[in-house]
2 protein chains.
Amino acid sequence: MNIGEAANLSGVSAKMIRYYEEVALIRPPARNQNGYRSYAESNIHELKFIRRARDLGFTVEQISGLMHLWRDRSRASADVKRLALEHVAALEAKQREIQEMANALKHLVANCHGDGRPDCPIIENLADGGNHASPTHLGKGFEKLR
Amino acid sequence: MNIGEAANLSGVSAKMIRYYEEVALIRPPARNQNGYRSYAESNIHELKFIRRARDLGFTVEQISGLMHLWRDRSRASADVKRLALEHVAALEAKQREIQEMANALKHLVANCHGDGRPDCPIIENLADGGNHASPTHLGKGFEKLR
DNA sequence: GCTTGACCTTCCCATCATGGGAAGGTCCAT
DNA sequence: ATGGACCTTCCCATGATGGGAAGGTCAAGC
């Protein structure tokens, strides 16, 4: 089957299939006499594997490792688990990072009147880093937000 | 002051200062006779603003908007708040996305023995999308994890 | 005065996964 | 044979960041 059908069946775009071939995540498929790439069922299976791994946020390099383990019938599940746990840790680190941004911003938002006047703790915090020379109408309690 | 000192004082690397100038986030500074960029205190203030906004995950484009509002003494705090709330929503969306990946992977990890044997629900899920032809030692309860 | 090292300048390249699009070839149905 | 839907390769762009080369400048110490 041609690359378009492979893309449809696997959920991986034709562009990305060519890219994965280029970075050696998959082997170059056979070519028809017209030069078109020709995919078999097993290739679709492989592409679906890649798709699911991408959906879990694995990088191409990690997927390469996972595919080697997949093909290695003498693999130790401990190796797969280690890869997965490393990725879980990375995901959770990223999540915490974003969470901290969101929390900080939500504190500022909560103290912003959001009306027609210019006074705005969000802008003031960005400008002063929270060290306001002149306290605002927010009162003494504002200090605790830092 | 030269770009190096500006970088040290603001916490923005010299590379990034030049980049922000290139993408018109900041105005090109005055130049000394030797061609060196020359920064004033006000520029440092601006760079610190940018730095804090970046730390909150705002994109350069959003920061551009924030800086216009910062300079606009007739701004409405509602406009700032709207920008901030949009960003909070984007951050939370990203966070959920990552959370879902982490949760899915953690379910799989929890069911992987992680020993020397090849049997591994992580690999199997990637390969089959959870539709295992032959149930594993994990038992009937495994289905609930999907 | 000359050397040395720490600056500064511009320019190009790389990242990572993804897509857009051009220019040109192929295949099939009408 | 014509047109449209494919396919091919190649180049470019994204966003924020850094690396590094080639070359100019400055200040301190000899």
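Scope of this entry: the structure provided in the associated data block. (Residues numbered from 1 in each chain as written. Chains lettered and ligands numbered in written order. Predicted model: local features only at pLDDT ≥ 70, side-chain atom pairs only at ≥ 80, totals over all residues. Heavy atoms only, no water.)

## Some words on the protein's contact with DNA strand C
Link 1 in the chain: Taken together, 19 residues form the shell around DNA strand C, and within it Lys15 and Met16 of chain A together with Gly4, Arg18 and Arg37 of chain B come nearest.
Link 2 in the chain: Sugar plus phosphate, as a fraction of atoms of DNA strand C within 4 Å of the protein: 70%.
Link 3 in the chain: Asn34 of chain A is positioned such that a nitrogen or oxygen atom in its side chain is 3.0 Å from a phosphate oxygen of DNA strand C.
Link 4 in the chain: Taking Arg54 of chain A, its side chain carries an N or O atom lying 2.9 Å from a sugar or linking oxygen of DNA strand C.
Link 5 in the chain: The set of elements that each furnish at least two residues to the surface near DNA strand C consists of helix H2 (14-22) of chain A together with helix H1 (3-10) and helix H2 (14-22) of chain B.
Link 6 in the chain: In terms of residue count, the dominant contributor to the surface near DNA strand C is H2 of chain A (4 residues).
Link 7 in the chain: Its residues assigned to classes, the surface near DNA strand C comprises 7 nonpolar, 6 polar and 6 charged. (Near = heavy atom within 4 Å. Polar contact = N/O pair within 3.5 Å; in protein donor to acceptor, adjacent residues only side chain to side chain. Helix = DSSP H or I, 4+ residues; strand = E, 2+ residues; numbered from the N terminus. Nonpolar A, V, L, I, M, F, W, Y, C, P; charged D, E, K, R; others polar.)

## Brief notes about the protein's contact with DNA strand D
Link 1 in the chain: Neighbouring DNA strand D are 19 residues; Gly4 and Arg18 of chain A together with Lys15, Tyr20 and Tyr36 of chain B lie closest to it.
Link 2 in the chain: The sugar-phosphate share of atoms of DNA strand D within 4 Å of the protein amounts to 69%.
Link 3 in the chain: A distance of 3.5 Å separates a base oxygen of DNA strand D from a polar side-chain atom of Tyr36 of chain A.
Link 4 in the chain: One of the side-chain nitrogen or oxygen atoms of Ser13 of chain B is found 3.1 Å away from a phosphate oxygen of DNA strand D.
Link 5 in the chain: Mapped onto the surface near DNA strand D, the elements with two or more residues apiece are helix H1 (3-10) and H2 of chain A together with H2 of chain B.
Link 6 in the chain: The element best represented in the surface near DNA strand D is H2 of chain B, accounting for 4 residues.
Link 7 in the chain: The class makeup of the residues in the surface near DNA strand D is 7 nonpolar, 6 polar and 6 charged.

## A short note on the packing of helix H4 (residues 60-71) of chain A against helix H6 (residues 121-128) of chain B
Link 1 in the chain: Orientation of H4 of chain A relative to H6 of chain B, taken along the N-to-C sense of each, is 100°, at an axis distance of 10 Å. Taken as axis vectors, H4 of chain A and H6 of chain B run roughly perpendicular relative to one another. In this structure, H4 of chain A uses Leu66, Leu69 and Trp70 of chain A to contact H6 of chain B, whose residues at the interface are Ile123, Leu126 and Ala127 of chain B.
Link 2 in the chain: Here the contact of H4 of chain A with H6 of chain B is composed, by residue class, of 6 nonpolar, no polar and no charged. (Axes fitted to C-alpha atoms, helices over the stretch in contact; angles between N-to-C directions. Parallel < 35°, antiparallel > 145°, perpendicular 65-115°, else oblique. Contact = heavy atoms within 4.5 Å.)

## Focus: the state of the cysteines
Residues and elements named next belong to chain A.
Link 1 in the chain: Using the criterion set out here, one finds 0 disulfides over all chains in the structure.
Link 2 in the chain: In this model Cys120 remains outside any disulfide bridge; the closest cysteine sulfur is found in Cys112, 3.7 Å from its own.
Link 3 in the chain: When its relative accessible area of 0% is taken as the criterion, Cys120 is described as buried. (Disulfide = S-S within 2.5 Å. Buried < 20%, exposed > 50% of the residue type's maximum accessible area, 1.4 Å probe, protein only.)

## With respect to the packing of aromatic side chains
For any two aromatic rings, the description comes down to two numbers: the centre-to-centre distance and the angle of the planes.
Residue and element names in this part refer to chain A.
Link 1 in the chain: A complete count under the given rule lists 4 aromatic pairs over all chains for this structure.
Link 2 in the chain: Centre to centre, the rings of Tyr19 and Tyr20 are 5.9 Å apart; their planes meet at 55°, and the pair counts as tilted.
Link 3 in the chain: Classification of Tyr19 as partly exposed rests on a relative accessible area of 36%.
Link 4 in the chain: You can call Tyr20 buried: its relative accessible area is 5%. (Phe/Tyr/Trp six-rings, centres within 6.5 Å; stacked < 30°, edge-to-face > 60°.)

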